[in-house]
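# Reading the structure
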Amino acid sequence: MPPVQDMTPPLDPGLLDALQHQVAVFARRAEQTRLGGVGQVRNSMDRAAYLLLNRLDLEGPMGVKALASGMGIDSSTVTRQVAPLVDTGLVKRTSHPEDGRAVVLQLSPRGQSRLEEVRSSRRELMAQVTDGWTDDERESFCSLLTRFNSALSARQSATQEPAAPTS
């Protein structure tokens with residue numbers, strides 16, 4: 001039986017160089033603008049706060065461990081990032097409904113309102129930056145960026161797995 005040939009085309013080093021360069025430029029531009037939005041809300045919420053509030057909004061109240069796990073960061077980082085959100089009234093700490101000793105983080109009404117302000121501003125920024133793009137181009141870009149982020153996340157998770165014991 002003849003060997004099975006790999007039909008995957010070879011990777012183009014020039015294309016990979018161009019890709020890594022564009023990702024680096026994107027990261028720099030995103031950090032410079034913080035992709036914060038437009039108007040008075042521009043740059044008014046840091047990335048960590050936005051991601052935490054967004055996750056609580058989309059997934060509902062949860063404990064620090066669940067929040068950290070879902071975001072791919074450790075619990076101590078979430079605790080540190082949530083503290084100012086609690087202090088400013090954007091997040092509430094409440095008792096777990098089934099285990100009163102456990103703490104659950106929940107988006108407050110003020111946090112919900114603030115998050116919607118920021119989302120609206122960021123929506124407007126995305127509309128301006130992609131002005132002239134078709135809906136298909138926006139969907140394609142979003143799909144590819146989601147796929148890219150998922151691959152990075154999976155890679156990060158794989159490198160954080162504990163090593164298997166050797167015998």
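Residues numbered from 1 in each chain as written. Predicted model: local features only at pLDDT ≥ 70, side-chain atom pairs only at ≥ 80, totals over all residues. Heavy atoms only, no water.

## Describing the confidence of the model for the protein chain
Across the protein chain, the average pLDDT comes to 86, with 86% of residues at 70 or higher. The lowest-confidence element of the protein chain is helix α1 (residues 13-33), averaging 89 in pLDDT; the highest-confidence one is helix α4 (residues 75-87), averaging 94. Here residues 163-167 scores under 50 on pLDDT; set against residues more than four positions off or in separate chains, the count is zero contacts. (pLDDT = per-residue confidence, 0-100. Helix = DSSP H or I, 4+ residues; strand = E, 2+ residues; numbered from the N terminus. Contact = heavy atoms within 4.5 Å.)

## Looking at the nonpolar core
Within the largest apolar cluster, 19 residues are counted, with the highest numbers of intra-cluster contacts made by Leu53, Leu56, Leu67, Val82, Leu85 and Val91. When residues of this core are assigned to their parent elements, the largest contribution, five residues, is made by helix α2 (residues 47-59). Setting aside anything within four residues of it in sequence, one finds Leu56 in contact with Pro61, Met62, Leu67, Val91, Leu105, Gln106 and Leu107. (Core = buried A, V, L, I, M, F, W, Y, C linked by side-chain atoms within 4.5 Å. Buried < 20%, exposed > 50% of the residue type's maximum accessible area, 1.4 Å probe, protein only.)

## Concerning the packing of aromatic side chains
Following the criterion strictly, the structure yields one aromatic pair and no others. Ring geometry for Trp133 and Phe141: centres 5.5 Å apart, planes at 90°, overall edge-to-face. For Trp133, a relative accessible area of 32% corresponds to the partly exposed category. By relative accessible area, which is 41% here, Phe141 ends up partly exposed. Looking at Arg122, its charged tip hangs above the ring of Tyr50, at a distance of 4.0 Å from the centre. (Phe/Tyr/Trp six-rings, centres within 6.5 Å; stacked < 30°, edge-to-face > 60°. Lys NZ or Arg CZ within 6 Å of the ring centre and 35° of its normal.)

## Quick look at the pattern of salt bridges
This structure, assessed with the given rule, holds six salt bridges. Between Glu59 and Arg55 there is a salt bridge whose closest N-O contact spans 2.6 Å. Taken together, the residues Glu59 and Arg55, both in helix α2 and four residues apart, mark about one turn of the helix. Classification of Arg55 as partly exposed rests on a relative accessible area of 22%. (Salt bridge = Lys/Arg side-chain N within 4 Å of Asp/Glu carboxyl O.)

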